[in-house]
Amino acid sequence: MKKTLWERIWETKTGYLMVVPTLAFLLVFQYYPAVSGLYRSMFDWNAGLAGNFVGFSNFVELFTDDDVFIRSLKNMALLTIWYLLAFVGLSTGVAVLIHRIRNEGSKYFFRLFMILPVIIPAVVLILLWKFIYDSTIGPLNAILIGVGLQDWTHAWLAEPKIAIYAVMFRNFPWIDGISVLILLAGLQAIPVEIIESGLLDGASGWRRLRYIELPLITGQIKLLIVLTIMWGVQEYSAVWAMTQGGPIDSTQVPGMWMYFNAFRISRMGYASAIGVVMFLITLVATILNMRYIRSQEY
Amino acid sequence: MVTHSESLAGGPPQDQRRRLYRGDGWRTAALGILCVLMIAPLVMAVIISLKSPSQFTRVPFLPTWPLRWENYEFAVQIISQFLLNSIITSGATVIGVLLLSSLAAYSFAQIRFPGRTFVFYAVLALMMVPASLTLVPSFVLIRDLRLINTYWSLILPWIAGGQIIGILILRAFFESLPGEMFDACRIDGASDWQIYWYVALPLTRSMLGVVAVLNILGTWNNLIWPTLTLPERKMWPLTPGLYSYMEQYYTSYGRVMAGLLLGSIPLVILFVFTSRLFVEGLTSGAIKT
């Protein structure tokens, strides 16, 4: 006898009860704010009042009448490209180096060491670099003076032309531990037989890397590229902690500009519009990500 | 000259494997230099943290004696309140996330209720909603709920956001468990609640650990949200707390460095006890994001 839908629902009521708490949390603290953000981006809305509906004029203002926002997009692009080079590029190099070390002991040591940037709280590294860049007592200027390059010293975070590069180059030597570990896991999954047969065919060193190993870890590399782009679009805590977007908005990024509009000058509708633009940029990156995941499955 | 094929053909397997990985010397040196550069700021922090202001003025970046351990005593007094706040908020969040995400994941994986695919995609879709879209409305929501200046202003949104990745990881794990085992429990008269609590959860312990580590890393490093919802600095967790500590005592360099180093210790301790989960969580979690 076929059960009716209601009977099936009644029989599996435990299933519903078990997801109810999750759904309640998601509706209140995820779906409602997300929808509200989309909706409020069309309002001239400050903290308390209901605000006036203004259609798309917030977005028009963003792209036609807000030089700071345009600059923040440029900075975001610059930082994201840099994060791609530094995180993905450098991490690939480091992962390959660690993978090729023959001595198991030192291999293990270096793998373990890559965890270090993860377990030191991000804010500690940011603040240490803020100190390193300090114009009067910071070690960076002290080192430059020490090797006789007085002319190269700067107020790194206070000069508009230089500050964005100082934010960029923080955390030298820019190793991203998580990326290295993901790539290393990919490299270690390559069967030794493939490398051996490659060697028999005369592929060693660079050619082994170029034609055997890199093609076999493209999955991981693509994934890191997408994750890094999404992170680069969103991230502004480093800017927040180091410069707050200054001096004269030279290190502004979209997240920071959203924060400033919402919580310093109470233009919450306008800030929501910035959030929507960031969401759309991320959405494009995510769709690319989904497409790539699908291509992996087939 | 010995070609590769010749060298691979002869010799015991051990030798063959070794020849695949030659040239350790320069690799070790290159990685060693990188490692030294990576810890250099921390070494600097240790050295400065043991200086009095006058010692710093005279010799800023090399060790000086006597070592000023009192910088740490000073920092402990201020950092400990922030640390306590972090333990409360991140701790409550991780408990909530484990409970909610394991319940939902068990339901998605083992109970075939009508509409579960739709509900699951409704959860999954939130992976595409970035924090930037929800920041402003979330703040207004917390304000309207009158949760400003309470720990709940951190815990509730963090549970909501943190459970998504937890559901993904745990659902995959529950689906990998043999279905016959759960059927057998049902035939023996166990309810789904009992199966969840007495059978499924104990089997998932290490996966719960992975979810917990990922979640703690996420909430622990949250810098900006707590500064918005907690006007009183004494409520701030460690990450914004360290920021305000540095702002406040910027010119007492020894004390600042001592505080930053002390603030790094809790995660290091967490790592020491959970290193395997840590690596597993970081690589698997990132892949499923």
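All values derive from a computational prediction rather than experimental measurement.

(A) A look at the UniProt feature "domain: ABC transmembrane type-1" (unreviewed entry) in chain B. Under the local residue numbering, the UniProt record ascribes the feature "domain: ABC transmembrane type-1" (unreviewed entry) to residues 83-274 of chain B. End-to-end, the C-alpha atoms of residues 83-274 of chain B are 20 Å apart, and along that stretch the chain is 79% helix and 0% strand.

(B) Focus on the UniProt feature "transmembrane region" (unreviewed entry) in chain B. Residue and element names in this part refer to chain B. Taking the numbering used here, the UniProt-annotated feature "transmembrane region" (unreviewed entry) corresponds to residues 28-50, 82-106, 118-142, 154-174, 195-217 and 256-279. The span residues 82-106 shows a helical share of 100% and a strand share of 0%, and its end C-alpha atoms are spaced 35 Å apart. For the annotated span residues 195-217, helix accounts for 96% and strand for 0% of the residues, and the straight-line distance between the end C-alpha atoms is 30 Å.

(C) Inspection of the layout of surface pockets at higher detail. When its volume is computed, the second largest pocket comes out at roughly 600 Å³. At the level of elements, helix 7 (122-132), helix 8 (139-146) and helix 9 (163-168) of chain A together with helix 3 (24-49) of chain B are the ones that each hand at least two residues to the lining of the second largest pocket. Here the lining of the second largest pocket gets six residues from one element, more than from any other, and that element is helix 3 of chain B. Residues that form the lining of the second largest pocket fall into these classes: 23 nonpolar, no polar and no charged.

(D) View of the interface of chain A and chain B. Facing 97 residues of chain A, the contacting portion of chain B comprises 99 residues. Between chain A and chain B, the buried area comes to about 8,900 Å², and carbon and sulfur atoms account for 80% of it. For chain A, the biggest contributors to the area lost against chain B are A:M18, A:F29 and A:R102; these three give 9% of the whole. If you look at where chain A meets chain B, you find one salt bridge. A:K130 is paired through a salt bridge with B:E247; the nearest N and O atoms lie 3.4 Å apart. In this assembly, chain A and chain B are joined by eight residue pairs in polar contact (both at pLDDT 80 or more). For the side of chain A that touches chain B, the element with the most residues is helix 2 (residues 13-40) of chain A, which contributes 21 residues. The residue inventory of the side of chain A that touches chain B, partitioned by class, reads 69 nonpolar, 20 polar and eight charged.

(E) Highlighting the packing of aromatic side chains. Residue and element names in this part refer to chain B. One pass over the structure, following the stated rule, counts 34 aromatic pairs over all chains. The interplanar angle of 45° and the centroid separation of 6.3 Å between the aromatic rings of Y196 and W197 together place this pair among those described as tilted. Using a relative accessible area of 4% as the deciding quantity, one classes Y196 as buried. What makes W197 partly exposed here is its relative accessible area of 48%.

(F) Layout of the UniProt feature "transmembrane region" (unreviewed entry) in chain A. Following the UniProt record, one finds the feature "transmembrane region" (unreviewed entry) at residues 12-32, 76-98, 110-132, 178-199, 211-233 and 268-288 of chain A. Secondary structure across residues 76-98 of chain A comprises 100% helix and 0% strand; the distance between its end C-alpha atoms is 31 Å.

(G) Local environment of a nonpolar patch on the surface. Residues and elements named next belong to chain B. Taken together, I265, V268, I269, V272 and F273 make up a surface patch of nonpolar side chains, about 480 Å² in accessible area. The residue I269 is located in helix 14 (residues 253-288) in this model. A residue is classified by how much of its surface remains accessible, and I269, at 43% relative accessible area, is partly exposed.

(H) Spotlight on the packing of helix 9 (residues 179-187) of chain B against helix 10 (residues 192-203) of chain B. All names here are of chain B. It is at 10 Å that the axes of helix 9 and helix 10 come closest, and there the two elements cross at 145°. When you trace helix 9 past helix 10, the crossing you get is right-handed. Here M181, F182, C185 and R186 of helix 9 come into contact with helix 10, specifically with D192, I195, V199, A200 and L203.

(I) Examining the confidence of the model for chain B more closely. All names here are of chain B. When pLDDT is averaged along chain B, the result is 83, and 89% of the positions lie at 70 or above. Across chain B, element-level confidence peaks in helix 12 (residues 225-229) with a mean pLDDT of 92 and bottoms out in helix 1 (residues 4-9) with 43. Low pLDDT, under 50, characterises residues 1-11; the stretch is placed with 15 contacts to residues that sit more than four places away or in other chains. Confidence over residues 285-289 falls short of pLDDT 50; this stretch has 16 contacts with residues more than four positions distant or in other chains. For this predicted complex, the interface score ipTM comes out at 0.84, while the overall pTM is 0.85.

(J) Highlighting empty space enclosed by the protein. Residue and element names in this part refer to chain A. On inspection of all chains with the given rule, the structure shows one cavity of 30 Å³ or more. Its boundaries defined by the atoms lining it, the largest cavity holds a volume of some 30 Å³. Together, L79, Y83, E235, Y236, A238 and V239 line the largest cavity. Split by residue class, the lining of the largest cavity holds five nonpolar, no polar and one charged.

Basis of the calculations
Residues numbered from 1 in each chain as written. Chains lettered and ligands numbered in written order. Predicted model: local features only at pLDDT ≥ 70, side-chain atom pairs only at ≥ 80, totals over all residues. Heavy atoms only, no water. UniProt positions renumbered as here; feature names shortened; annotations may be inferred. Helix = DSSP H or I, 4+ residues; strand = E, 2+ residues; numbered from the N terminus. 1 Å grid on protein atoms, 1.4 Å probe; cavity = no way out; pocket = protein on both sides within 12 Å on 5 of 7 lines; lining within 4 Å. Points joined across faces, edges and corners; volume = space filled by probe spheres on them. Nonpolar A, V, L, I, M, F, W, Y, C, P; charged D, E, K, R; others polar. Contact = heavy atoms within 4.5 Å. Buried area = accessible area lost by both parts, 1.4 Å probe. Salt bridge = Lys/Arg side-chain N within 4 Å of Asp/Glu carboxyl O. Polar contact = N/O pair within 3.5 Å; in protein donor to acceptor, adjacent residues only side chain to side chain. Phe/Tyr/Trp six-rings, centres within 6.5 Å; stacked < 30°, edge-to-face > 60°. Buried < 20%, exposed > 50% of the residue type's maximum accessible area, 1.4 Å probe, protein only. Patch = residues over 30% accessible without salt bridge, like charges linked within 9 Å, V, L, I, M, F, W, Y side chains within 5 Å. Areas by Shrake-Rupley, 256 points an atom, 1.4 Å probe, with all protein chains shown as cover. Axes fitted to C-alpha atoms, helices over the stretch in contact; angles between N-to-C directions. Left-handed = near helix turned anticlockwise from the far one by under 90°. pLDDT = per-residue confidence, 0-100.

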